[in-house]
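Reading the structure
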Amino acid sequence: METKIMETPGMSSMKLTSRPELFAFEGISMTHYFTDNWEKVKNFQARPDDILIATYPKAGTTWVSYILDLLYFGNDAPERQNSQPIYMRVPFLECCIQGIPSGTELADDLPTSPRLIKTHLPVQLVPKSFWEQNSKIVYVARNAKDNAVSYFHFDRMNMAQPEPRDWNTYLQTFMEGKNVFGPWYDHVSGWWEKEQTYSNLIYMFYEDLVEDTGREVERLCSFLGLSIPAEQREKITKGVQFDAMKQNKMTNYSTLPVMDFKISPFMRKGKVGDWKNLFTVAQNEQFDEVYKVKMKNTTVKFRTEI
Ligand code: A3P
């Protein structure tokens, strides 16, 4: 029997005619898809048991979202896993595309406890109720080079993102911080500073997840206060591997028509060090120079290979 995929009303017929413009919003490059609903985002009412998954785009948001979903709801009715795409289970808080429910509406309507909510906002723009409610936050960061490559391919295939143009132009833009959600450098270091003072935040690295997913799942469980039997944790760890998620229609984004998989799939490579296939020697040298300057005031350290 074929399972019917549950989607946001209007989602499957959603076609965008042109790519959005980038503009400065609260000092951050944004498109209107993430600012149109700003009053509701700013005033969003978080709950103490909410779990906010925060990332710079392309750092492993979907991966961690799916891990958390399985940890909390993996034993629930199979319909959840078989018919609800991950973007329905874990609403994208600031996302607002005409014709479909906004992230705040989806989050308000979530029947689950906890609610899993995704954001790409830099730390200073996170709605204040999350801090007031002392909600738990899972931040995932990915090294700048792989993050830039992944974001470039994503912008090529996602018609809801600005046109990235050629790789060299895109890389310059990335170094200038003129991407949707602003500079990678400030995002990862801003959240890193927050982690020093806000104890309900776990700062994770994409590279660690690739290196040993099971270990990171265990780390997440202890942060969340979950005692999941080892056998179940192992099952989850297996189910969230790249190939499994790429085959899974509920996690591979194949149900979203704004993405053109003929250009590039959402689940693209899932590797650490793929940047070496795109960066030229000269681009790499320039990138390293810029990196040193931009990251001179932070202690957060990344691995560009494992
Ligand atoms: P690549 O484009 O390098 O392949 P986000 O969910 O934040 O948009 O991040 C998407 C990136 O995470 C993509 O990177 C995607 O392939 C990778 N990813 C998603 N699930 C993964 C998994 N289970 N293992 C490794 N990488 C994964």
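Every value quoted in this text rests on a predicted model; they were computed, and no experiment measured them.

Procedures and definitions
- Residues numbered from 1 in each chain as written.
- Predicted model: local features only at pLDDT ≥ 70, side-chain atom pairs only at ≥ 80, totals over all residues.
- Heavy atoms only, no water.
- Buried < 20%, exposed > 50% of the residue type's maximum accessible area, 1.4 Å probe, protein only.
- Helix = DSSP H or I, 4+ residues; strand = E, 2+ residues; numbered from the N terminus.
- Arc of directions from axis to C-beta.
- Contact = heavy atoms within 4.5 Å.
- Phe/Tyr/Trp six-rings, centres within 6.5 Å; stacked < 30°, edge-to-face > 60°.
- Lys NZ or Arg CZ within 6 Å of the ring centre and 35° of its normal.
- Core = buried A, V, L, I, M, F, W, Y, C linked by side-chain atoms within 4.5 Å.
- Pairing = 2+ DSSP bridges.
- Axes fitted to C-alpha atoms, helices over the stretch in contact; angles between N-to-C directions.
- Near = heavy atom within 4 Å.
- Polar contact = N/O pair within 3.5 Å; in protein donor to acceptor, adjacent residues only side chain to side chain.
- Areas by Shrake-Rupley, 256 points an atom, 1.4 Å probe, with all protein chains shown as cover.
- Nonpolar A, V, L, I, M, F, W, Y, C, P; charged D, E, K, R; others polar.

Observations concerning helix α12 (residues 230-239)
- Listing the buried residues of α12 in full gives Arg233, Ile236 and Thr237. Along the long axis of α12, the arc covered by the buried residues comes to 100°, so they all point the same way. Exposed side chains of α12 directed beyond 90 degrees from the buried face belong to Glu231, Glu234, Lys235 and Lys238.
- Packed against the buried residues of α12 are α2 (61-73) and α11 (213-224).

Some words on the packing of aromatic side chains
- The tally for this structure, following the rule as stated, stands at 33 aromatic pairs.
- Taking the centre distance of 6.4 Å and the plane angle of 75° together, the rings of Tyr151 and Tyr170 count as edge-to-face. With a gap of 19 residues between them, Tyr151 in helix α7 (residues 144-157) and Tyr170 in helix α8 (residues 167-176) connect regions that are remote in the sequence.
- Judged by relative accessible area, which is 0%, Tyr151 ranks as buried.
- On the basis of relative accessible area, Tyr170 is assigned to the buried category, the value being 2%.
- One cation-aromatic arrangement involves Lys58 over Phe154; the distance from NZ or CZ to the ring centre is 3.8 Å.
- The aromatic ring of Tyr206 is capped on one face by Arg142, whose charged end is 3.9 Å from the ring centroid.

Details of the nonpolar core
- Counting 94 residues, the largest nonpolar core has Leu68, Val138 and Tyr203 as the members making the most contacts within it.
- When residues of this core are assigned to their parent elements, the largest contribution, 8 residues, is made by α2.
- Non-local contacts of Val138, meaning those with residues more than four positions away in its chain, are made with Ile51, Leu52, Ile53, Ala54, Val64, Leu68, Ile202, Met204, Leu220 and Phe223.

Some remarks on the side chain of Asn143
- Topologically, Asn143 is positioned in the loop between β5 (136-141) and α7.
- The buried category is assigned to Asn143, whose relative accessible area is 0%.
- Once you skip the residues sitting within four places of it in the chain, Asn143 turns out to touch Trp184, Glu207, Val272, Trp275, Phe302, Arg303 and Thr304.

Digging into the sheet that holds strand β3 (residues 51-55)
- One open sheet accounts for 4 strands, arranged β4-β3-β5-β6; its pairing is parallel. Pairing within the sheet leaves two strands with one partner each, and these edge strands are β4 (116-119) and β6 (201-205). Ignoring strand direction, the axes of neighbouring strands in this sheet form an average angle of 20°.
- Where β3 and β5 come together, 5 bridges link them in parallel fashion. Looking at the pairing, Ile53 lines up with Val138 of β5.

Considerations on the site of the ligand
- Looking at the ligand, there are 18 residues lining it, with Thr61, Thr62, Ser150, Tyr206 and Lys269 nearest.
- A distance of 2.4 Å is found between an oxygen atom of the ligand and a side-chain nitrogen or oxygen belonging to Thr61.
- The contact in question runs from an oxygen atom of the ligand to an N or O atom on the side chain of Ser150, over 2.7 Å.
- The protein chains hide 97% of the 570 Å² of surface that the ligand would expose on its own.
- Elements with a contribution of two residues or more to the shell around the ligand: α2 and α13 (242-247).
- Top element by residues in the shell around the ligand is α2. It accounts for 3 residues.
- Looking at side-chain class alone, the shell around the ligand contains 8 nonpolar, 6 polar and 4 charged residues.

Structural notes on the pairing of β4
- With burial as the criterion, each face of β4 is covered, one bearing Leu116 and Lys118 and the other bearing Ile117 and Thr119.
- Inspection of the sheet shows β3 paired to β4 by 4 bridges, in the parallel sense. Bridged to Ile51 within β4 is Leu116.

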